[in-house]
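# Results of the structural survey
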Amino acid sequence: VYEYFKNKESLFKHCFNAFSDLVLKDFEQLIETEGKASAKLTQFSTEIINRGMENIDFLMLYFEFIIASTINKDRSVFHENINKLFRQMRDLTKKMLLMDQNYKLKEGMDIDSFVVFFIGSLDSVMLQYYLDNEIFNKDKFILTFKNIIENCFERKNQWERTKLL
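Here the structure is a predicted model, which is why all the values come from computation and not from measurement.

Let us now look at the overall build of the protein. Helix and strand content of the protein: seven helices and two strands. Put simply, the protein runs from its N terminus to its C terminus through helices and strands in the order α-α-α-α-β-α-α-β-α. C-alpha extents for the protein along the principal axes are approximately 60 × 35 × 25 Å. Split into buried and exposed, the 165 residues of the protein put 37% on the buried side. Intrachain contacts of the protein at a sequence separation of at least 6 include 76% that bridge at least 24 residues. Side chains of the protein carry 23 positive and 25 negative charges; the gap between the two charge centres is 5 Å.

Set out below in structure tokens:
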């Protein structure tokens, strides 16, 4: 291992970046497909949950990264990486919401707050799965998450739809 990486942190950083790049690439491709933003968010959530469940070791590493990045953010080699991932996830989620031609967040909902809530919800669910996966029913959770997301959207009126074209 030390032939390729100077220390354990370098190896972790490499693994984290490789997995993050894969997730972001898939999310970017999903954004470009046709369909409602709520359906895309549900699909992305499902993919993230499935990946987390299939890669429990990476999930453990991911949460260790988050903890390490908050302990001393000025000295942490992880802070920059985790902050970059969260920023990219927020930007992509917001882009997806703004691209939807027919639906918008319900009146009174702030897009930036929704984006933070969405990403934080995924992390929270995966942390709970990691800590106690026996109580986690993936299908029920995904259905509940889908319903929550869909209840945050309403159809744009005719004027809003035409001004985007």
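Per the stated rule, a full pass over the model turns up five salt bridges. Across the pair Lys 95 and Glu 32 runs a salt bridge, and its minimum N-O distance is 3.4 Å. One end of the pair, Lys 95, is in helix 4 (residues 79-99); the other, Glu 32, is in the loop between helix 1 (8-31) and helix 2 (37-54), and 63 residues separate them in sequence. Residue classification places Lys 95 among the partly exposed residues on the basis of a relative accessible area of 38%.

Take helix 2 next. Between the first and last C-alpha of helix 2 there are 25 Å, a value that for 18 residues agrees with the 26 Å anticipated at 1.5 Å per step. For helix 2, the complete set of buried residues consists of Ala 37, Ser 38, Lys 40, Leu 41, Thr 42, Phe 44, Ser 45, Ile 48, Ile 49, Arg 51 and Gly 52. In this structure, the buried residues of helix 2 make contact with helix 1, helix 3 (56-71), helix 4, helix 5 (111-131), helix 6 (138-150) and strand 2 (153-155).

Conventions used here
- Residues numbered from 1 in each chain as written.
- Predicted model: local features only at pLDDT ≥ 70, side-chain atom pairs only at ≥ 80, totals over all residues.
- Heavy atoms only, no water.
- Helix = DSSP H or I, 4+ residues; strand = E, 2+ residues; numbered from the N terminus.
- Buried < 20%, exposed > 50% of the residue type's maximum accessible area, 1.4 Å probe, protein only.
- Contact = heavy atoms within 4.5 Å.
- Lys, Arg positive; Asp, Glu negative; His and termini not counted.
- Charge placed at Lys NZ, Arg CZ, Asp CG, Glu CD.
- Salt bridge = Lys/Arg side-chain N within 4 Å of Asp/Glu carboxyl O.
- Expected span 1.5 Å × (residues − 1).

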